[in-house]
Amino acid sequence: MAHDRVRDEPDVGLRPNAIGFVDALVIGLNATSPAYSLAAVIGPIVALVGIYAPGVMFASFVPMLLIASAFYYLNKVDQDCGTTFSWVTRAMGPWAGWLGGWAITMTGVLVVGSLADVAVSFTLLAVGLDGWVENDLVRRLLTVLLIIVMTAVCVIGTELSAKVQNALILLQVAFLLVFVVVALYRVYAGTTGFDSIEPAADWLNPFGAGGAALTGGLLLGVFIYWGWESAVNLTEETEDSATAPGRAGLWSTVVLLVTYLSVAFAVVAFAGTAFLAENAGEEEFVFAQLAGDVLGGWDWILLLAVATSAIASTQTTIIPASRTALSMARRQALPQHFGHISPRFRTPDVSTWWVAGIAIAWYVVVNQISANALFDSLTALSLLIAFYYALTGVACAVYYRRHLTESVRNFLLIGLGPVVGAGLLTWLLVRSIIDMSDPANSYSGTSWFGLGPPLVIGIVISLIGVVLMVAWRLRDAVFWQERPGVADPDLVRGTITRSGGDRGPGAPGGPPGPGPGSDPGTGPGIDGTGSGGGSGRKGS
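Fair warning: this is a prediction, and the values are worked out from it, not measured in the lab.

A. Spotlight on a nonpolar patch on the surface. On the surface, Val-62, Val-408, Phe-411, Leu-412, Leu-413, Leu-416, Val-420 and Leu-424 cluster together into a nonpolar patch covering about 640 Å² of accessible area. The element best represented in the nonpolar patch is helix H18 (residues 408–436), accounting for seven residues. Positionally, Val-408 belongs in helix H18. Overall, the relative accessible area of 62% leaves Val-408 in the exposed class.

Now the structure itself:
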């Protein structure tokens, strides 16, 4: 049986205490790719809401903060690198948990190639090799090479990954800070060459442009925060794993808010709304256009900011997908080879290379169709992101349901907040589906089966996930014997810390969860009330 094969393997786990809180925070920040995200959305948001772009970015922060609270509290009682997959399984059962894990894994596959492409393009622009950017073959070969290199960094070790990320975030923040200071200085000096506007406090009003414009802006703005949870995917490899990863996730959203608002104020003030709206279709290259105007011969500074942002995110985006696949394999929700951990590097080497390989294949194949098809696949990301974030918010309230009335803090931060965040994201998901159903709203503007390509891509990916889930259920039903439960009262009150090795059924050396008909809340492991049944030691 598959369960016996898993238990016979050497008990090699992820490396415990490999990184600290600051490293986790940096990885969470870099996973969102701040400079690239800003470059990609600032034009379209300004086209929708004008000077109120900073306000929309602030409003977009609210559901992210509420979901970050859910990640924090769920991680406190279950430090599993599978995050949403593990938590939703514990709270709502294996079917919902599997779909949540699939959504996370596929977001990595869809976006890694695009991030690497942007990293290569902006690096070439920064060093003056503009002609190479226009050469599709050269650019794509360099993109594939970058994905391979960053994947190797992920496999070689979490410590190396953290060191690379620390260097990249310092460069990125320094470059952005220079841009903001120079841009605002030139606005007040009146030397911009654009129809510049002096910043005002009312730019933070998200309702200034009206309801319809706000909706469109939120659809763009909310997803620039996506990726901060990469810090929590490293929970089993982080010091103080019960609280540090969750705190890193919360703080990363706050730092991102400050970064996004400062750059948004600088860009809108310097270039004015007309220029940004007219060039909204250029998306990330709007920064390349502004770099020379703001910094003159030092434009390479801003170009490198976007390049380092995309390089960092290329690496960190692989982390959630690979760790989720590892967690699913340990629980026998995927074939066991996805759960292999390198004895030398103590990282999930097989799942990491699989994610990279599929991402490369997706990038190459979709690019053969058209560049617009690649952009349409990125637009489809919004569906998957909203789905698994909302699922996590609901799972938090469900898993803690017996503790929500114990205090006002519990009710607001563990119950109401995550549910409201999930509701906002569900609303955005529905709005996204409505908008994507119109082919005119896609990059290509073409119709696939009467719908917009992004929606078709999202539906196809979801259907593939359902088919694979059912097929694996028919082949190996062990994972589907798990039953939902509630959070362990002792863990909630902080008297026990669930260790990394303590992951319940499917873990090496762990017993299967309660069978059908078991009373959720009394059985071991997955029901959330026992100690799990693993070795009780993280990384053992």
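Next comes the rest of the description.
B. Just empty space enclosed by the protein, in detail. Enumeration according to the criterion identifies two cavities of 30 Å³ or more in this entry. Together, 13 residues line the largest cavity, and Trp-226, Glu-229, Ser-230, Thr-317 and Pro-320 are the ones closest to its centre. Of all the secondary-structure elements, those providing two or more residues to the lining of the largest cavity are helix H6 (94–126) and helix H14 (300–330). Here the lining of the largest cavity gets four residues from one element, more than from any other, and that element is H14. Its residues assigned to classes, the lining of the largest cavity shows six nonpolar, six polar and one charged.

C. Structural detail: the packing of aromatic side chains. All chains considered together, the criterion is met by 14 aromatic pairs. Judged by centre distance (5.0 Å) and plane angle (85 degrees), the ring pair of Tyr-72 and Tyr-73 falls under edge-to-face. Comparing Tyr-72 with Tyr-73 shows no difference in burial state: the two are buried. When the centroid spacing of 5.4 Å and the interplanar angle of 10 degrees are considered together, the rings of Trp-203 and Phe-265 count as stacked. In this pair, Trp-203 sits in the loop between helix H9 (158–189) and helix H10 (211–221) while Phe-265 sits in helix H12 (residues 244–278), placing the two residues 62 residues apart along the sequence. Under the relative-accessibility criterion, Trp-203 is labelled buried at 2%.

D. Expanded view of the packing of H6 against helix H15 (residues 349–369). One can describe the packing of H6 onto H15 by two numbers: an axis separation of 8 Å at closest approach and a directional angle of 65 degrees. In this view, H6 runs roughly perpendicular relative to H15, as classed from their interaxial angle. Viewed along their axes, H6 and H15 form a crossing whose handedness is right-handed. Along the contact surface, H6 presents Gly-108, Val-109, Leu-110, Val-112, Gly-113, Ser-114 and Asp-117, while H15 presents Val-355, Ile-358, Ala-359, Trp-362 and Tyr-363. Among the residues forming the contact of H6 with H15, the class breakdown is eight nonpolar, three polar and one charged.

The rules behind each value
- Residues numbered from 1 in each chain as written.
- Predicted model: local features only at pLDDT ≥ 70, side-chain atom pairs only at ≥ 80, totals over all residues.
- Heavy atoms only, no water.
- Patch = residues over 30% accessible without salt bridge, like charges linked within 9 Å, V, L, I, M, F, W, Y side chains within 5 Å.
- Areas by Shrake-Rupley, 256 points an atom, 1.4 Å probe, with all protein chains shown as cover.
- Salt bridge = Lys/Arg side-chain N within 4 Å of Asp/Glu carboxyl O.
- Helix = DSSP H or I, 4+ residues; strand = E, 2+ residues; numbered from the N terminus.
- Buried < 20%, exposed > 50% of the residue type's maximum accessible area, 1.4 Å probe, protein only.
- 1 Å grid on protein atoms, 1.4 Å probe; cavity = no way out; pocket = protein on both sides within 12 Å on 5 of 7 lines; lining within 4 Å.
- Points joined across faces, edges and corners; volume = space filled by probe spheres on them.
- Nonpolar A, V, L, I, M, F, W, Y, C, P; charged D, E, K, R; others polar.
- Phe/Tyr/Trp six-rings, centres within 6.5 Å; stacked < 30°, edge-to-face > 60°.
- Axes fitted to C-alpha atoms, helices over the stretch in contact; angles between N-to-C directions.
- Parallel < 35°, antiparallel > 145°, perpendicular 65-115°, else oblique.
- Left-handed = near helix turned anticlockwise from the far one by under 90°.
- Contact = heavy atoms within 4.5 Å.

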